[in-house]
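Coordinate analysis (summary)
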Amino acid sequence: MDVEITLRVDGTDHRLTVDTRTTLLDALRERLGNTSPKKGCDHGQCGACTILLDGRRALACLALAVAHQGADVVTAAGLVNGAGGDGEGDGLHPLQRSFIAHDAFQCGYCTPGQICSAVGMLREAAAGWPSAVAKDPNAADVVLDDEEIAERMSGNLCRCAAYANIVPAIADVAHRDEGARR
């Protein structure tokens, strides 16, 4: 059965008709031509399809498009344009600039998902959400050391093993943000 829905993707409203079984990932890629989120495992295990859904990170391959009628979707491509991010000067989100500066990608396939996940993860940490490695789950402030960042990003896999540069790229932005809040 087909249903008409509206999605706000990277700051632009889109009306489209989708089969009720269409995932958000397939709606983005196949119906709207937004190839920023990647189809990796199609089972929610690799994180290549990570997007920001109403401000929170989500796996687009596990979300049905019809379940998110009217939702605000931000992809890594939308962060370039400033939707959901704080693009400065060159239009790149600070995490995108940091990934470039730290050479935190090789083939680049997982990079859009890594960046969206990192944006969501930094928001979660700023809100005080604990992780599995939190030394004090009730602490008001989350300390984003390398172990904490690696744990919080563990749902995003990189076949090229660029983790040695991904974690420092995220830490650089996290520590700049921490300094700005003080």
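Presented here is an overview of the structure given in this document. (Residues numbered from 1 in each chain as written. Predicted model: local features only at pLDDT ≥ 70, side-chain atom pairs only at ≥ 80, totals over all residues. Heavy atoms only, no water.)

So, the state of the cysteines
Selection criterion: The definition used for a disulfide is geometric: two cysteine sulfur atoms within 2.5 Å. Here the term buried applies to any residue with accessible area under 20% of the maximum for its type, exposed to any over 50%, and partly exposed to those in between, with areas from a 1.4 Å probe on protein chains only.
Taken as a whole and judged by the stated rule, the model has 0 disulfides. As a non-bridged cysteine, C41 has C46 as the owner of its nearest cysteine sulfur, 3.8 Å distant. Given the relative accessible area of 23%, C41 is considered partly exposed. On the basis of relative accessible area, C46 is assigned to the buried category, the value being 16%.

Thoughts on the sheet that holds strand 3 (residues 50-53)
Spelled out, the test is: Strands qualify as paired when DSSP identifies two bridges or more between them. The secondary structure listing takes helices from DSSP runs of H or I that are at least 4 residues long and strands from runs of E that are at least 2 residues long, numbered from the N terminus. The axes are straight lines fitted to the C-alpha atoms, using for helices just the contacting stretch, and the angles between their N-to-C directions are given from 0 to 180°.
Across the sheet, which stays open at both edges, the 5 strands sit in the order 2-1-5-3-4 with mixed pairing between neighbours. Each edge of the open sheet carries a strand with a single partner, namely strand 2 (12-19) and strand 4 (56-59). Across the sheet, the axes of successive neighbouring strands diverge by a mean angle of 40°, strand direction being ignored. With 8 bridges joining them, strand 1 (residues 2-9) and strand 2 adopt antiparallel strand pairing. Across the sheet, the residue bridging to R8 is D13, located in strand 2.

Remarks on the pattern of salt bridges
This is how it is decided: Throughout this description, the term salt bridge denotes a Lys or Arg side-chain nitrogen within 4 Å of a carboxyl oxygen of Asp or Glu.
Inspection of every chain in the model, using the stated rule, returns 9 salt bridges. As a salt-bridge pair, K135 and E147 come within 3.3 Å of each other at their nearest N and O atoms. With K135 in the loop between helix 4 (111-126) and helix 5 (146-152) and E147 in helix 5, this residue pair connects regions lying 12 residues apart in the sequence. Notably, a salt bridge pairs E148 with R152, separated by 2.6 Å at the nearest N-O pair. You can see E148 and its partner R152 sitting in helix 5, 4 residues apart, about one turn around the helix. Of the two residues, E148 and R152, both sit in the buried class. Through salt bridges with shared partners, one network takes in D26, K39 and D42.

Digging into the environment of V142
For V142, the location among the structural elements is in the loop between helix 4 and helix 5. According to the relative accessible area criterion, V142 is buried, its value standing at 18%. For the pair V142 and V3, spaced 139 residues apart in the sequence, the C-alpha separation amounts to 42 Å.

Observations regarding the side chain of Q96
Applicable threshold: The definition of a polar contact used here is a pair of N or O atoms within 3.5 Å, where within protein one atom must be able to donate a hydrogen and the other to accept one, and adjacent residues in sequence count solely through side-chain atom pairs.
Along the polypeptide, Q96 turns up in helix 3 (residues 94-101). Here Q96 falls in the buried class, since its relative accessible area comes to 9%. A distance of 3.0 Å separates a polar side-chain atom of Q96 from the backbone oxygen of A76.

Side note on the packing of helix 3 against helix 4
For clarity, the threshold we go by: Angles are sorted into four bins: roughly parallel if under 35 degrees, roughly antiparallel if over 145, roughly perpendicular if 65 to 115, and oblique for all others. Here is the rule for handedness: rotate from the far helix to the near one, and if that takes an anticlockwise turn smaller than a right angle the crossing is left-handed, while a clockwise turn gives right-handed. Contacts were defined at the residue level, with two residues in contact if any of their heavy atoms lie within 4.5 Å. Classification used: nonpolar for Ala, Val, Leu, Ile, Met, Phe, Trp, Tyr, Cys and Pro, charged for Asp, Glu, Lys and Arg, polar for all others including Gly.
Axis separation between helix 3 and helix 4 bottoms out at 10 Å; the angle between their running directions is 125°. The angle between helix 3 and helix 4 places the two elements in the oblique class. Crossing handedness for the pair helix 3 and helix 4: right-handed. Judged by residue contacts, L95, Q96 and F99 of helix 3 engage T111, Q114, I115, A118, V119 and L122 from helix 4. Among the residues forming the contact of helix 3 with helix 4, the class breakdown is 6 nonpolar, 3 polar and no charged.

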